[in-house]
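Analysis of the macromolecular model
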Number of protein chains: 2
Amino acid sequence: MKKPIKIGLLGLGTVGTGVVRIVEGHREDLEKQTGSAIVVEKVLVQDLSKLRSVSVDRDKLTDQPWDIIRNPEIDVVVEVMGGVQETKAYILEALEQGKHIVTANKDLMAMHGPEILAKAAEKGCDVFYEASVAGGIPIIRTLVEGFSSDRITKIMGIVNGTTNYILTKMSQEGAAYADVLKEAQMLGYAEADPTSDVEGLDAARKMTILSTLGFHSEVALADVKVKGISKVSKEDIQYGKKLGYEVKLLGIAEKHDEHISVSVEPTMVKTSHPLASVNGVFNAVYVYGEAVGETMFYGPGAGEMPTATSVVADLVAVVRNLNLGVNGQHSTAPYLEKKLKTDEQISSKYFVLLHVEDKAGVLAQITQIFARHEVSLESVFQHPNEHNPKAEIIIITHDASQAGMNKVLAEFESLDVIQTIQSVYRVEG
Amino acid sequence: MKKPIKIGLLGLGTVGTGVVRIVEGHREDLEKQTGSAIVVEKVLVQDLSKLRSVSVDRDKLTDQPWDIIRNPEIDVVVEVMGGVQETKAYILEALEQGKHIVTANKDLMAMHGPEILAKAAEKGCDVFYEASVAGGIPIIRTLVEGFSSDRITKIMGIVNGTTNYILTKMSQEGAAYADVLKEAQMLGYAEADPTSDVEGLDAARKMTILSTLGFHSEVALADVKVKGISKVSKEDIQYGKKLGYEVKLLGIAEKHDEHISVSVEPTMVKTSHPLASVNGVFNAVYVYGEAVGETMFYGPGAGEMPTATSVVADLVAVVRNLNLGVNGQHSTAPYLEKKLKTDEQISSKYFVLLHVEDKAGVLAQITQIFARHEVSLESVFQHPNEHNPKAEIIIITHDASQAGMNKVLAEFESLDVIQTIQSVYRVEG
């Protein structure tokens with residue numbers, strides 16, 4: 001038996017509590033897996049006197065971060081406190097002190113991952129962050145190890161449970177966005193201020209991490225085009241269903257001819273595609289590799305125990321490396337130059353719902369505009385609205401460039417017979 | 001740059017060809033991933049003069065296994081020739097010579113895995129076998145690394161593409177087993193002698209490997225209860241659909257209170273379960289962990305490039321270990337004693353379809369037999385058959401012990417009013 005490995009935990013919220021539960025509850029299994037006892041040595045908390053749902057010895061608690069970060073007894077710092085600026089300073093200093101890092105912090109890794117990984121490489125330390133994306137799904141390991149031999153060309157993820165819960169409810173119950181959001185807030189699936197989730201920002205951070213890993217290039221948060229779900233209407237969802245699509249908030253990262261695009265946007269996903277049946281708060285990441293083809297990884301995207309499972313799996317990896325003396329030897333830092341796609345290079349199918357005047361010649365005018373910008377159409381559905389002098393037209397295009405679609409939509413804006421461009425969705429599957 | 005790593009390939013069939021394609025085609029990526037050039041040094045083939053779809057220098061081909069196994073130049077033996085006895089001898093000798101092993105051979109690992117892993121541990125060598133289960137899905141890595149912190153209690157797998165193709169076609173087209181099998185043989189999805197696939201033997205080998213890894217106990221092939229799909233009728237599938245189930249050939253491994261059961265059997269899977277929508281030749285493995293909860297991993301189960309992706313990902317892992325000098329340090333050998341469940345301890349829901357005489361009192365007799373053996377019923381459907389004096393009864397039980405169900409079925413055998421026990425399925429989801 002080797003010497004015990006001592007960890008310092010930054011934070012004892014939901015995930016931190018789960019980490020303590022697993023490290024204590026699976027003590028023997030973890031010793032068998034790693035050859036070492038793993039001991040929680042110190043835990044940083046804000047309030048030393050708060051009652052906790054896990055028992056941690058009073059003398060292990062501290063409200064002084066340096067008790068952990070500069071504590072020579074501690075081998076591994078497990079960061080589950082969240083936040084960005086202050087947390088980044090702690091982690092950089094912990095690395096400076098030669099400590100290995102396990103973090104669940106997507107904001108930190110999306111915004112400062114490269115800087116942290118560079119410092120880790122300099123100091124010969126491990127930095128693992130499996131829990132930062134898709135909670136309990138070991139997707140980072142899969143990209144880094146499982147597909148190390150392949151060239152990944154597409155990653156599509158349902159990586160935000162809140163929005164997937166909302167869209168699932170809207171689809172299954174025909175409910176409106178605002179009503180489902182309110183319900184999700186009551187159930188604790190959505191925050192009081194839901195902006196980060198519903199506007200796609202949380203998903204964008206996760207896609208930054210996944211695309212950086214999958215494509216080996218430093219994708220920045222600012223490279224991700226983001227559109228949330230707050231404008232998705234129940235009508236859009238119902239029309240989608242009729243035509244064989246489910247609306248999902250997808251993170252989509254693509255690489256062709258060395259050029260990358262990354263977006264987060266509500267997308268019409270064909271019901272036969274495996275992502276279409278990922279419902280509720282579950283997450284899933286679809287990965288397409290040149291050699292392997294289509295794969296998908298499904299599981300819980302958040303929650304105390306699923307997220308803690310990923311944190312402790314990373315901890316096991318750090319401890320195995322410690323016992324072999326090989327920490328910091330396999331960096332996930334990007335090594336290829338980043339080239340972004342232009343709007344001309346981004347291509348997909350689109351779903352367009354228009355409200356138009358119900359009179360002769362309208363469809364001809366519309367289809368001419370598509371033709372002019374070289375957007376060819378897969379199908380067109382027009383049906384009159386009984387209660388209303390306007391008609392609805394749904395168009396699904398073939399693969400078209402985003403630049404071409406932008407030109408089409410700009411012309412629609414100034415076309416008198418179009419009353420509203422009701423909605424535009426990317427189509428996948 | 002470190003010295004080139006030389007591999008010897010045993011076999012140049014479908015998977016071997018894919019391995020050469022990836023090692024040659026992704027040469028630069030693999031060097032970046034591992035820090036070493038990977039070189040195919042020798043390839044064992046049966047026929048030196050056969051035309052190949054990949055170009056391998058004539059002087060690298062050999063028909064003498066010892067040219068590879070006892071070749072001091074070769075660092076890693078990649079075994080993609082299949083077979084068991086002879087292949088086992090080659091691999092044990094290669095390990096004896098200090099060579100690391102990557103194999104795609106499920107038969108070998110299911111039957112002789114523990115012996116091979118023991119020899120590897122003795123010699124300090126790596127043995128990796130990701131490609132032996134579920135082709136391109138990195139499921140072994142996921143169990144060993146991704147869920148190292150968790151206790152896995154259930155693994156359910158669609159791990160045979162041939163049978164999943166057949167059942168999907170039967171479900172989607174209402175076709176009969178024999179017709180679809182014939183079509184699958186014509187398309188190359190089924191062998192001329194399909195026994196190993198359709199009788200569940202191939203799936204049983206894969207479940208032996210997965211359950212050994214997931215439960216850390218040495219599950220033997222003989223511990224797996226196996227039933228194939230050759231008796232699945234299109235009526236069963238249609239009745240299942242009406243009640244909200246798809247018939248899938250599932251490998252099911254469970255562990256409760258340290259006791260294990262493993263089976264392969266056609267199963268009624270609720271359509272809302274993620275396994276129910278895994279169609280065609282795709283594979284998927286559903287893993288339930290105490291902490292993580294429900295997860296599922298989906299992808300191609302076979303094929304030249306998907307399987308080669310897994311082989312070369314293993315090769316990357318071996319080469320990284322070689323460069324760190326840490327091969328043979330993390331064995332996947334089981335370390336817990338195996339305890340198997342008795343029939344009293346195995347519990348599930350069941351679907352039973354009976355053909356009975358259409359007269360008063362029959363249902364009462366049948367339900368009394370269930371009650372006598374403490375099998376409680378979730379639902380009962382009876383409907384008369386217009387063309388026939390017999391009626392059909394479908395019963396879905398609550399969770400019941402296999403022992404109890406066996407007693408029920410034994411009594412049914414001798415009950416006059418039951419004409420046929422048409423089918424009995426396990427129910428999941």
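Model, not experiment: these values are computed from the prediction. (Residues numbered from 1 in each chain as written. Chains lettered and ligands numbered in written order. Predicted model: local features only at pLDDT ≥ 70, side-chain atom pairs only at ≥ 80, totals over all residues. Heavy atoms only, no water.)

Within chain A, the regular secondary structure consists of 14 helices and 17 strands. For 429 residues, the compact-globule estimate of 2.2 N^0.38 gives 22 Å, and chain A sits close to it at 24 Å. Counting every position in chain A, which comprises 429 residues, the buried fraction comes to 60%. For chain A, the proportion of contacts with a sequence separation of at least 24, taken over those separated by at least 6, is 73%. Carbon and sulfur atoms form 48% of the exposed surface of chain A, whose accessible area is close to 16800 Å². Computed over 43 positive and 58 negative side-chain charges, the inter-centroid distance for chain A is 2 Å. (Helix = DSSP H or I, 4+ residues; strand = E, 2+ residues; numbered from the N terminus. Rg over C-alpha atoms; globule rule 2.2 N^0.38 Å. Buried < 20%, exposed > 50% of the residue type's maximum accessible area, 1.4 Å probe, protein only. Contact = heavy atoms within 4.5 Å. Areas by Shrake-Rupley, 256 points an atom, 1.4 Å probe, with all protein chains shown as cover. Lys, Arg positive; Asp, Glu negative; His and termini not counted. Charge placed at Lys NZ, Arg CZ, Asp CG, Glu CD.)

Below, the discussion takes up the environment of methionine 268 of chain A. All names here are of chain A. Residue position: methionine 268 is located in strand β10 (residues 259-270). Note: C-alpha distance between methionine 268 and arginine 205 (63 residues apart in sequence) is 22 Å. For methionine 268, the residues in contact, after removing those within four places along its chain, are Asp236, Gly240, Tyr245, Glu246, Val247, Phe351, Tyr425, Arg426, Val427 and Glu428.

Backbone geometry places histidine 216 of chain A, a non-glycine residue, at a positive phi of 60 degrees. Positionally, histidine 216 of chain A belongs in the loop between α10 (201-215) and β8 (224-226).

Further remarks concern the relation of the copies chain A and chain B. Least-squares fitting of chain A to chain B yields an RMSD of 0.0 Å, with the transformation described by 0.0 Å of translation along the axis and a rotation of 180 degrees. Seen this way, the second copy is the image of the first under a two-fold rotation axis. Taking C-alpha positions as reference, the residue of chain A nearest the rotation axis is phenylalanine 297 of chain A, located at 2.3 Å. An overlap of 100% is found between the interface residues of chain A and their copies at the interface of chain B, pointing to a shared contact surface. (Least-squares fit on C-alpha atoms with pLDDT ≥ 70 in both.)

Opposite the 46 residues of chain A that make contact, chain B presents 46 residues. Carbon and sulfur atoms make up 59% of the surface buried where chain A meets chain B, a total of about 4000 Å² over both sides. Together, Ser148, Ser149 and Tyr298 of chain A form the three largest contributors to the area buried by chain A at its contact with chain B, with a combined 15%. The interface formed by chain A and chain B holds 4 salt bridges in total. Residues arginine 151 of chain B and aspartate 29 of chain A are paired through a salt bridge, measuring 2.9 Å at the closest nitrogen-oxygen approach. For the side of chain A that touches chain B, the secondary structure elements donating two or more residues are α1 (14-25), α2 (27-34), α6 (139-146), β12 (293-300) and α12 (304-324) of chain A. Broken down by element, the residue count for the side of chain A that touches chain B peaks at 8 residues, all from α12 of chain A. Within the side of chain A that touches chain B, the residues separate by chemical class into 22 nonpolar, 15 polar and 9 charged. With 3 bridges joining them, β12 of chain A and strand β12 (residues 293-300) of chain B adopt antiparallel strand pairing. The partner of phenylalanine 297 of chain A across the bridge, within β12 of chain B, is phenylalanine 297 of chain B. (Buried area = accessible area lost by both parts, 1.4 Å probe. Salt bridge = Lys/Arg side-chain N within 4 Å of Asp/Glu carboxyl O. Nonpolar A, V, L, I, M, F, W, Y, C, P; charged D, E, K, R; others polar. Pairing = 2+ DSSP bridges.)

Our next topic: the UniProt feature "active site" (unreviewed entry) in chain A. Residues and elements named next belong to chain A. Per the UniProt annotation, the sites labelled "active site" (unreviewed entry) are Lys206. Looking at where lysine 206 falls in the secondary structure, it is placed in helix α10. In this structure lysine 206 touches Lys106, Ser132, Val133, Val159 and Asn160, once residues within four positions along its chain are discounted. (UniProt positions renumbered as here; feature names shortened; annotations may be inferred.)

Residues and elements named next belong to chain A. Residues Leu187, Tyr189 and Val281 make up a contiguous nonpolar surface patch of about 260 Å² in total accessible area. Within the secondary structure, valine 281 sits in the loop between β10 and β11 (282-289). Assessed through its relative accessible area of 34%, valine 281 is described here as partly exposed. (Patch = residues over 30% accessible without salt bridge, like charges linked within 9 Å, V, L, I, M, F, W, Y side chains within 5 Å.)

A few words on the pattern of salt bridges. Under the counting rule described, the total for this entry stands at 60 salt bridges over all chains. For glutamate 304 of chain A, the salt bridge identified is with arginine 21 of chain A, shortest N-O distance 2.6 Å. Placement of the pair is glutamate 304 of chain A in helix α12 and arginine 21 of chain A in helix α1, with a sequence separation of 283 residues. Across the pair aspartate 343 of chain B and lysine 225 of chain B runs a salt bridge whose closest N-O atoms are separated by 2.7 Å. Taken together, the residues aspartate 343 of chain B in the loop between α12 (304-324) and β13 (347-357) and lysine 225 of chain B in strand β8 (residues 224-226) connect sequence positions 118 residues apart.

Turning to the packing of aromatic side chains, a few remarks are in order. Residue and element names in this part refer to chain A. For the structure on display, the rule yields 13 aromatic pairs over all chains. Consider the rings of tyrosine 165 and tyrosine 189, whose centres lie 4.7 Å apart with planes at 70 degrees: the pair is edge-to-face. Residue tyrosine 165 is located in helix α7 (residues 161-173), and its partner tyrosine 189 is located in the loop between α8 (177-187) and α9 (195-198); the two are separated by 24 residues in the primary sequence. Accessibility expressed as a relative area gives 39% for tyrosine 189, which makes it partly exposed. (Phe/Tyr/Trp six-rings, centres within 6.5 Å; stacked < 30°, edge-to-face > 60°.)

So, about the pairing of strand β5 (residues 100-103) of chain B. All names here are of chain B. In β5, alternate side chains face the same way, and those of His100 and Val102 on one face and Ile101 and Thr103 on the other are all buried. At this point the chain moves from strand β4 (residues 76-79), through helix α4 (residues 85-96), to the parallel β5, and the crossover so formed is right-handed. In the sheet, β5 pairs with strand β6 (residues 127-128) via 2 bridges, with the strands oriented parallel. Within β6, the residue paired with isoleucine 101 across the bridge is valine 127. Note on the crossover from β5 through helix α5 (residues 106-123) to β6: the handedness is right-handed. (Right-handed = clockwise from strand over helix to strand, strands pointing away.)

Moving on to the sheet that holds strand β1 (residues 5-10) of chain A. All names here are of chain A. With respect to topology, 6 strands assemble into an open sheet ordered β3-β2-β1-β4-β5-β6, the strand pairing being parallel. Where the open sheet ends on each side, the last strands, each with one partner, are β3 (61-62) and β6 (127-128). With 4 bridges connecting them, strand β4 (residues 76-79) and strand β5 (residues 100-103) associate as parallel partners. From the neighbouring strand, glutamate 79 faces β5, where its bridge partner is threonine 103. Contacts from α12 reach β1, β2 (38-44), β4, β5 and β6 within the one sheet, and its direction differs from that of β5 by about 165 degrees. (Axes fitted to C-alpha atoms, helices over the stretch in contact; angles between N-to-C directions.)

This part is about the sheet that holds β5 of chain B. Residue and element names in this part refer to chain B. Spatially, the 6 strands line up as an open sheet ordered β3-β2-β1-β4-β5-β6, and their pairing is parallel. Strands with a single pairing partner mark the edges of an open sheet, and in this sheet they are β3 (61-62) and β6. Here α12 sits on the sheet and contacts β1 (5-10), β2 (38-44), β4, β5 and β6; the angle it forms with β5, its principal contact strand, is near 165 degrees.

Residues and elements named next belong to chain B. Burial analysis of strand β11 (residues 282-289) places 7 of its 8 residues in the buried class, which makes it a mostly covered element. Note that strand β7 (residues 152-158) and β11 share 6 bridges and pair antiparallel. Residue pairing in the sheet places lysine 154 in a bridge with tyrosine 288 of β11. Examined bridge by bridge, β11 and β12 share 8 bridges and lie antiparallel to one another. Residue pairing in the sheet places glycine 289 in a bridge with glycine 293 of β12.

Looking at soluble globular proteins, one finds that nonpolar side chains tend to be buried together. Core analysis: the biggest nonpolar cluster contains 150 residues, and Ile139 and Ile166 of chain A together with Ile139 and Ile166 of chain B have the highest contact counts within it. Every residue in contact with isoleucine 139 of chain A, bar those within four places of it in the chain, is listed here: Glu130, Val133, Ala134, Leu210, Val285, Val287 and Phe297 of chain A. (Core = buried A, V, L, I, M, F, W, Y, C linked by side-chain atoms within 4.5 Å.)

Let's shift gears to the packing of helix α7 (residues 161-173) of chain B against helix α11 (residues 234-242) of chain B. Residues and elements named next belong to chain B. Running from amino to carboxyl end, α7 crosses α11 at an angle of 65 degrees, the nearest separation of the two axes being 9 Å. Here α11 runs roughly perpendicular to α7, going by the angle between their axes. With respect to the hand of their crossing, α7 and α11 are arranged in right-handed fashion. Across the interface between the two elements, Leu167, Met170 and Ser171 from α7 touch Lys234, Ile237, Gln238 and Lys241 from α11. Taken together, the residues of the contact of α7 with α11 break down into 3 nonpolar, 2 polar and 2 charged. (Parallel < 35°, antiparallel > 145°, perpendicular 65-115°, else oblique. Left-handed = near helix turned anticlockwise from the far one by under 90°.)

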